Amino acid sequence: MYKKPLLFQKANLLLAVAYSLPVVLLFWFVTTFSVNVPFGDDWALVTFFDKIHGGTANFRDFFSQHNEHRIFFPRIIFAILAFFSKWNLKLETYFSFLLALVNFVILYKVAKASFNESDRVSFHLFNITTSIVNFSLIQYENWLWGFQIAWLLINTCLVLAVFILTVPKNLLPNLRLSLASLCCFIASFSLAHGLLSWLALLPSVYMLEGRTKQKKIRILLWMGLFVFCVGIYSIGYEKPSHHPNIFFILQQPLITSEYFFTIIGFSFGKNILYPIITGLIIFLLFSFFNVFWLKNYQSVFFKKAAPWLSLGWFAILFASITTVGRSGFGVEQATSSRYVTVSILLVISCLQLCRLWILYKWQDAEKNTYIFSGFCLGFLICIFVFSSQGSIIEGQNSFLQRKTGQNCLEIINFIDTSITNSPNNCLNFIFPDQFMIRKLSTVLQKLEFRNFPQNITFITKADKNHGYIDVPSTTQQPLNIHRNETLKLSGWAILPERQEQPPITLLSYGNNQSFFATGLVNSNRPDVATALNSSLYNTSGWEANISLKSIPVGETVIKAWVYDRKGQQFIQLNGEPKIKVLE
């Protein structure tokens, strides 16, 4: 008597765990590897924030072009989050995570609208797989970079529009059409590919209740709104000069085809199958469902498949338009992690269409059908889990680089301006134009978004050992080296008070209290970890190949330092190798 309720509770608990695991993994990933530092395109927002702060911002500032994009609505989000949090960029990554969570909830509700009691097993199998795909770490670039909010925002607008058009039957069709068009309008002015949402939603618009004449009028009205948005978008539009010629697709059709299928297939990563092969398989599968949909006009499958076709067509249209605009950069560019956020919609579309197809073809599905489905989905899940391992490594690398940039940015007033264009400049980790960073850092200081200390104490003799310069060794005789040569330095560095490793070492010469080069702290030093009895120092090694062009001719000493952020002090490492710079 009590066994069934108990089994039911256990089954629900297992389902909750299965659905939650991808969410928990992604939250851990974002929390662990995101860094509160402006990176790349983030710097383009600084003058925009300054205008808002000064009360001079106008519509043009929100609407202005960023590369080929109109990021009107993302700029609104950026401004709200920035002034609320003093531009804590981790908050932007959490906002993207929240959008992904909303996306899955909506997708689940769309799937639930076609739920059949006899479909319970496959329903959860396919939707758990959808959850794993939706929260896939392969999208690491968008998860760890707050500026990429727009990619998730467009997905949210699309799936919300699909939901509005297909699920709430109690609302009048014209009201649903209006709400869906609002979603598409927001998507259109978030990134350029948001305009494609109008075209992708045509199957869902057509499936709204009504007579044939009403359907035709709605389609014409819908296309009119699309043309209207394109017209607004094109006002003052200028093609970015650094983008390749769009006629490249005619000149190199083979590369173009490879690029297109790579965008689609990279949603599975590249560690198991070549993205081109995976993309071709997914494309053929989606094409099969489209043909099947058209052949079974007025069937149950025809009605239920429309929302998933819209998602799939959005991804196909995105891959097509991106191929036209970007294939000239080469096939490798198609493996950009940010594109996966759109291409996974095609995978989700195929998953849900497959579920509906099984339900339509075998309404009384046998146990073997579920076993086969479970095997296939298990294989897909393994691919995504395996690919996530590589994404975690990418996340670690991103964290290390941006953490280095964060430390470097904070002490920008102590970075020697003579090495602005040097590859040894640690500011390169967050933006290539050092003059621009220096200029915009003063704006950030004025807005109180960041603090750049002017007075930091230099500690030449600390109570605890913070590390060494091992190579070159400290000797009485200086090492003779010409200015056009490079000098290799290496050693190890720690912050014993914090029980952690600093991300960088800072190099100075003579008695200068500014730094002409940096070394990344990430090399294996098991000897240090053993000697100090702490595994935290396993990768405390550092090295730097430095140019001597910014050092004057003559004899001097090289000093290495670590920056203690909490103590607001530079602490010198042991060892002062002497060098003699020769012309």
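For the structure, see preceding data.
Residues numbered from 1 in each chain as written. Predicted model: local features only at pLDDT ≥ 70, side-chain atom pairs only at ≥ 80, totals over all residues. Heavy atoms only, no water.

Draft legend 1. Molecular detail of a nonpolar patch on the surface. On the surface, L13, V17 and L21 cluster together into a nonpolar patch covering about 290 Å² of accessible area. Looking at the secondary structure, you find V17 in helix 1 (residues 3-33). Its relative accessible area of 41% is what places V17 among the partly exposed residues. (Patch = residues over 30% accessible without salt bridge, like charges linked within 9 Å, V, L, I, M, F, W, Y side chains within 5 Å. Areas by Shrake-Rupley, 256 points an atom, 1.4 Å probe, with all protein chains shown as cover. Salt bridge = Lys/Arg side-chain N within 4 Å of Asp/Glu carboxyl O. Helix = DSSP H or I, 4+ residues; strand = E, 2+ residues; numbered from the N terminus. Buried < 20%, exposed > 50% of the residue type's maximum accessible area, 1.4 Å probe, protein only.)

Draft legend 2. Fine view of the environment of D416. Take D416: it is sitting in the loop between helix 18 (367-410) and helix 19 (434-447). Taking the C-alpha atoms as reference points, D416 and Q513, 97 residues apart in sequence, are found 9.3 Å from one another.

Draft legend 3. Spatial organisation of the state of the cysteines. As enumerated under the stated definition, the model contains one disulfide in all. Paired through a disulfide, C408 and C426 show a sulfur-sulfur distance of 1.7 Å. Judged by the sign of its S-S torsion, about 65°, the cystine formed by C408 and C426 is right-handed. Of this pair, C408 sits in helix 18 while C426 sits in the loop between helix 18 and helix 19; the two residues are 18 residues apart in sequence, bridging distant segments of the chain. Exposure remark for C408: the relative accessible area of 0% places this residue in the buried category. Looking at C426, the relative accessible area reads 1%, which means it is buried. Cysteine C350 shares no disulfide, and the gap to the nearest cysteine sulfur, in C354, comes to 8.7 Å. A relative accessible area of 23% means that C354 is categorised as partly exposed. (Disulfide = S-S within 2.5 Å.)

Draft legend 4. Examining the packing of helix 5 (residues 89-112) against helix 6 (residues 120-134) more closely. Taken N-terminus to C-terminus, the directions of helix 5 and helix 6 make an angle of 160°; their axes are 10 Å apart at the nearest point. Comparing their axes, helix 6 and helix 5 come out roughly antiparallel. Where helix 5 crosses over helix 6, the handedness of that crossing is right-handed. Seen from helix 5, the contacting residues are A100, N103, F104, L107, Y108, A111 and K112; seen from helix 6, they are F123, H124, N127, T130, S131 and N134. Its residues assigned to classes, the contact of helix 5 with helix 6 comprises six nonpolar, six polar and one charged. (Axes fitted to C-alpha atoms, helices over the stretch in contact; angles between N-to-C directions. Parallel < 35°, antiparallel > 145°, perpendicular 65-115°, else oblique. Left-handed = near helix turned anticlockwise from the far one by under 90°. Contact = heavy atoms within 4.5 Å. Nonpolar A, V, L, I, M, F, W, Y, C, P; charged D, E, K, R; others polar.)

Draft legend 5. Main features of helix 9 (residues 173-188). Here helix 9 spans 22 Å end to end across 16 residues, near enough to the 22 Å set by a 1.5 Å rise per residue. For helix 9, every residue scored as buried is listed here: P173, R176, L177, A180, S181, C183, C184, A187 and S188. Take helix 9 and look down its axis: the buried residues cluster within an arc of 155°, on one side only. Buried residues in helix 9 make contact with helix 8 (149-166), helix 10 (196-200), helix 11 (202-206) and helix 12 (212-233). (Expected span 1.5 Å × (residues − 1). Arc of directions from axis to C-beta.)

Draft legend 6. Representation of the side chain of Q333 in the model. You can see Q333 is positioned in the loop between helix 16 (300-326) and helix 17 (340-361). Among the residues examined, Q333 registers a relative accessible area of 16% and is labelled buried. Side chain to side chain, Q333 and Y259 meet in a polar contact 2.4 Å long. Non-local contacts of Q333, meaning those with residues more than four positions away in its chain, are made with Y259, R326, R338 and Y339. (Polar contact = N/O pair within 3.5 Å; in protein donor to acceptor, adjacent residues only side chain to side chain.)

Draft legend 7. Broad picture of the side chain of S534. For S534, the location among the structural elements is in the loop between helix 20 (526-531) and strand 9 (541-547). Setting aside chain neighbours within four positions, we find S534 in contact with Q499 and A529.

Draft legend 8. Representation of the nonpolar core. Among the nonpolar cores identified, the biggest contains 142 residues, and W43, F49, W87, W308, L409 and F570 are the most heavily contacted of them. If you tally residues by element for this core, the top one is helix 8, at 13 residues. Counting residues in each nonpolar core, the second largest holds 23 residues, with A493, F516, A517 and L548 among its members. (Core = buried A, V, L, I, M, F, W, Y, C linked by side-chain atoms within 4.5 Å.)

Draft legend 9. Focus on the packing of helix 4 (residues 72-85) against helix 5. Relative orientation of the contacting elements helix 4 and helix 5 amounts to 130°, with a least axis distance of 9 Å. Regarding the angle of helix 4 to helix 5, the classification is oblique. The handedness of the crossing between helix 4 and helix 5 comes out as right-handed. Residues I77, F78, L81, F84 and S85 of helix 4 form the contact with helix 5, whose participating residues are L91, E92 and F95.

Draft legend 10. The packing of aromatic side chains, seen in detail. A complete count under the given rule lists 53 aromatic pairs for this structure. Ring centres of F33 and F399 lie 6.4 Å apart, and the angle between their planes is 65°; on these two criteria the pair is classed as edge-to-face. With F33 in helix 1 and F399 in helix 18, this pair connects stretches of sequence that are 366 residues apart. Of the residues examined, F33 reaches a relative accessible area of 8% and is grouped as buried. Judged by centre distance (5.7 Å) and plane angle (70°), the ring pair of Y509 and F516 falls under edge-to-face. One Lys or Arg, R70, reaches over the ring of Y233 and ends 5.8 Å from the middle of that ring. Over the aromatic face of F39 sits the side chain of R402, whose NZ or CZ is 3.9 Å from the ring centroid. (Phe/Tyr/Trp six-rings, centres within 6.5 Å; stacked < 30°, edge-to-face > 60°. Lys NZ or Arg CZ within 6 Å of the ring centre and 35° of its normal.)

Draft legend 11. Just the pairing of strand 8 (residues 517-523), in detail. Here strand 7 (residues 504-509) runs beside strand 8; their pairing, made up of four bridges, is antiparallel. Bridging across to strand 8, L506 finds its partner in T518. The sheet contact formed by strand 8 and strand 9 spans three bridges and is antiparallel. Bridging across to strand 9, L520 finds its partner in E543. (Pairing = 2+ DSSP bridges.)

Draft legend 12. The arrangement of the environment of Q389 in detail. Considering the arrangement of structural elements, one finds Q389 in helix 18. The sequence separation of Q389 and I138 amounts to 251 residues, and the corresponding C-alpha distance is 9.2 Å.

Draft legend 13. Broad picture of helix 19. Taking 1.5 Å per residue as the helical rise, helix 19 with its 14 residues ought to reach 20 Å, and the 20 Å between its terminal C-alpha atoms agrees with that figure. For helix 19, every residue scored as buried is listed here: Q434, I437, R438, L440, S441, V443, L444 and L447. For helix 19, the side-chain oxygen to backbone nitrogen distance between the N-cap and F435 is 3.3 Å, and the N-cap itself is D433. E448 sits one or two residues past helix 19 and shows a positive phi near 65°.

Draft legend 14. Here's a closer look at the pattern of salt bridges. Enumeration over the complete set of coordinates arrives at ten salt bridges. The salt bridge partner of D61 is K51, with a shortest N-O separation of 3.0 Å. With a gap of ten residues between them, D61 in helix 3 (residues 59-63) and K51 in helix 2 (residues 46-54) connect regions that are remote in the sequence. On the accessibility criterion, K51 (36% relative accessible area) is partly exposed. Taking the shortest distance from any N to any O, the salt bridge between R525 and D527 comes out at 2.9 Å. We classify D527 as partly exposed; its relative accessible area is 43%. Linked by salt bridges that have partners in common, D470, R525 and D527 make up one network.

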